[in-house]
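Residue-level structure breakdown
Residue-level listing of the chains:
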Amino acid sequence: MKLPRRNFLYLAAGAAALPSVSRLAWAQAYPSRPVRLIVPVAPAGASDITARLIGQWLSERLGQPFIIENRPGGGNSIGTEAVVRAPADGYTLLLCGIFNATNATIYDKLLNYNFIRDIAPVAGVIRDAWVLVVNPSVPAKSIPEFIAYAKANPGRINMASAGTGAGSHVAGELFKMMAGVDLVHVPYRGGGPALTDLIAGQVQVMFATTISSIEYIKAGKLRVLAVTTATRWDELPDIPTVDEFVPGYEASYWAGIGAPKNTPTEVVDKLNKEINAGLADPKIKARLAELGSTTLAGSPADFAKLIAEETEKWGKVIRAANIKPQE
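For the structure given in this document, a descriptive report is provided here. (Residues numbered from 1 in each chain as written. Predicted model: local features only at pLDDT ≥ 70, side-chain atom pairs only at ≥ 80, totals over all residues. Heavy atoms only, no water.)

Quick look at the nonpolar core now. Ranked by internal contacts, the top residues of the largest apolar core, which has 101 residues, are Val133, Phe146, Phe175, Tyr249, Ile257 and Ile275. It is strand S4 (residues 119-134) that contributes the most residues to this core, 10 residues altogether. When neighbours within four sequence positions are excluded, Val133 is seen to be in contact with Leu198, Gln204, Val205, Met206, Ala208, Ile217, Leu222, Arg223 and Val224. (Core = buried A, V, L, I, M, F, W, Y, C linked by side-chain atoms within 4.5 Å. Buried < 20%, exposed > 50% of the residue type's maximum accessible area, 1.4 Å probe, protein only. Helix = DSSP H or I, 4+ residues; strand = E, 2+ residues; numbered from the N terminus. Contact = heavy atoms within 4.5 Å.)

Here's what the structure looks like:
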């Protein structure tokens, strides 16, 4: 039987709409089981703290556990690749950050993925200053004094970082180049272990995130000399910026949520909406402010733009400093 043309068009239109309707219904039901949020660094650092804060919010809002899974190692590539290889269904997410932008240059030929191509940006979460902190045994109490001390002791001051290519590393390399000092880089498997050794005096200086170091600063276990952003930090208004003594210096840590490429747009948009709602929540905003962080609310496209800009900026620093995968 031959259908009238009008009936045929109605049926064709209905069939074409089925995939989008089913995707929308599926997204509305998401999540129907626990979600893994992989953090590619060790516990206790800024990335881990951020993941646990936003994971708790998403668990409460969406009614399913968001389980934090730390997978450090490989310059943050082990955890990232686990998400790249995971099903694109929204049940495996990545706490991504500046380390992914730097790895794109440092590990370019060694990675089995391309971060910009293989991870779908979901939402930015925080942007954070680093603070140049020293063990209290270091005699310098200001940036000029520290630069003078470093120049008087070339190659004898150990600079900790969360790992080769981590934000704390490249921020330090930028400082070394602009201030003309020779500090010995000591990479760790995450910001937490690096801070532990800094407090113990095994290393002398670190560009630490405010979110991971503020409690140690307030307790007198670390001495802060400066913040790395262009403006001073409200939590410590008397602490100068590095730029006040090394003109043109600026660096900041950032983190957000990513998912495997081809994750349904409806799922990405749902997660983005809920994350932005969390960043607008007074309690979360207050908690982040206490830790020295500012919120990084925006669309997935906004987060993608930030990733591209940071990849380009730090790629130039990495090439100039000749940073290699192994030191």
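On we go from here.
Before going further, it helps to examine the side chain of Asp128. Take Asp128: it is sitting in strand S4. A distance of 3.5 Å separates a polar atom in the side chain of Asp128 from a polar atom in the side chain of Ser293. When near neighbours in sequence (up to four residues on either side) are disregarded, Asp128 contacts Thr209, Thr210, Ile211, Ser252, Tyr253, Gly292 and Ser293. (Polar contact = N/O pair within 3.5 Å; in protein donor to acceptor, adjacent residues only side chain to side chain.)

The next subject is empty space enclosed by the protein. Going through the model one piece at a time under the given rule, you end up with 2 cavities of 30 Å³ or more. Taken as a whole, the largest cavity holds about 200 Å³ of empty space. In terms of lining, the largest cavity is formed by 22 residues, of which the most central are Ala162, Ser168, Gly191, Thr209 and Tyr253. Counting residues per element, the lining of the largest cavity draws most heavily on strand S7 (residues 205-209), which supplies 4 residues. Class assignment of the residues belonging to the lining of the largest cavity gives a composition of 12 nonpolar, 10 polar and no charged. A volume near 40 Å³ is recorded for the second largest cavity. Lining the second largest cavity, in full, are Thr50, Leu53, Ile54, Val125, Ile126, Leu279, Ile284 and Leu288. Secondary structure elements with two or more residues in the lining of the second largest cavity: helix H2 (46-62), S4 and helix H11 (282-290). Among the elements that take part in the lining of the second largest cavity, H2 stands out by supplying 3 residues, more than any other. Across the lining of the second largest cavity, the residue classes tally to 7 nonpolar, 1 polar and no charged. (1 Å grid on protein atoms, 1.4 Å probe; cavity = no way out; pocket = protein on both sides within 12 Å on 5 of 7 lines; lining within 4 Å. Points joined across faces, edges and corners; volume = space filled by probe spheres on them. Nonpolar A, V, L, I, M, F, W, Y, C, P; charged D, E, K, R; others polar.)

This part takes up H11. The opening residue of H11 is Asp281, an N-cap whose side-chain oxygen sits 3.1 Å from the backbone nitrogen of Lys283. Just past H11, the residue Gly292 takes up positive phi, approximately 85 degrees.

Attention now goes to the packing of helix H10 (residues 265-280) against H11. Axis separation between H10 and H11 bottoms out at 5 Å; the angle between their running directions is 70 degrees. In terms of orientation, H10 lies roughly perpendicular with respect to H11. Contacts between H10 and H11 involve Gly278, Leu279 and Ala280 on the former and, on the latter, Pro282, Ile284, Lys285 and Leu288. Partitioning the contact of H10 with H11 into residue classes produces 5 nonpolar, 1 polar and 1 charged. (Axes fitted to C-alpha atoms, helices over the stretch in contact; angles between N-to-C directions. Parallel < 35°, antiparallel > 145°, perpendicular 65-115°, else oblique.)

Any empty space left between the atoms is revealed when a probe the size of a water molecule rolls over them. Taken as a whole, the largest pocket encloses approximately 380 Å³ of empty space. Classifying every residue of the lining of the largest pocket by side-chain character gives 11 nonpolar, 10 polar and 3 charged. Estimated volume of the second largest pocket: approximately 280 Å³. Around the second largest pocket, the lining comprises 14 residues; the ones closest to its centre are Trp233, Asp234, Gly292, Ser293 and Thr294. Mapped by element, the contributors of at least two residues to the lining of the second largest pocket are S4 and strand S10 (293-295). With 3 residues, S4 is the largest single contributor of residues to the lining of the second largest pocket.

For the rest of this paragraph, the subject is the packing of aromatic side chains. Summed over all chains, the structure comprises 7 aromatic pairs. Geometrically, the ring pair formed by Phe175 and Tyr249 is edge-to-face, given 6.3 Å between the ring centres and 85 degrees between the ring planes. Separated by 74 residues along the polypeptide, Phe175 in helix H7 (residues 167-179) and Tyr249 in the loop between strand S8 (223-227) and strand S9 (252-260) bring together distant segments of the chain. Take Phe175 and Tyr249: they sit in the same class, and that class is buried. Consider the rings of Phe207 and Tyr249, whose centres lie 6.4 Å apart with planes at 35 degrees: the pair is tilted. In this pair, Phe207 is assigned in strand S7 and Tyr249 in the loop between S8 and S9, connecting sequence segments 42 residues apart. Both residues of the pair, Phe207 and Tyr249, belong to the buried class. Between the NZ or CZ atom of Arg33 and the centre of the ring of Tyr91, over which it lies, the distance is 3.8 Å. (Phe/Tyr/Trp six-rings, centres within 6.5 Å; stacked < 30°, edge-to-face > 60°. Lys NZ or Arg CZ within 6 Å of the ring centre and 35° of its normal.)

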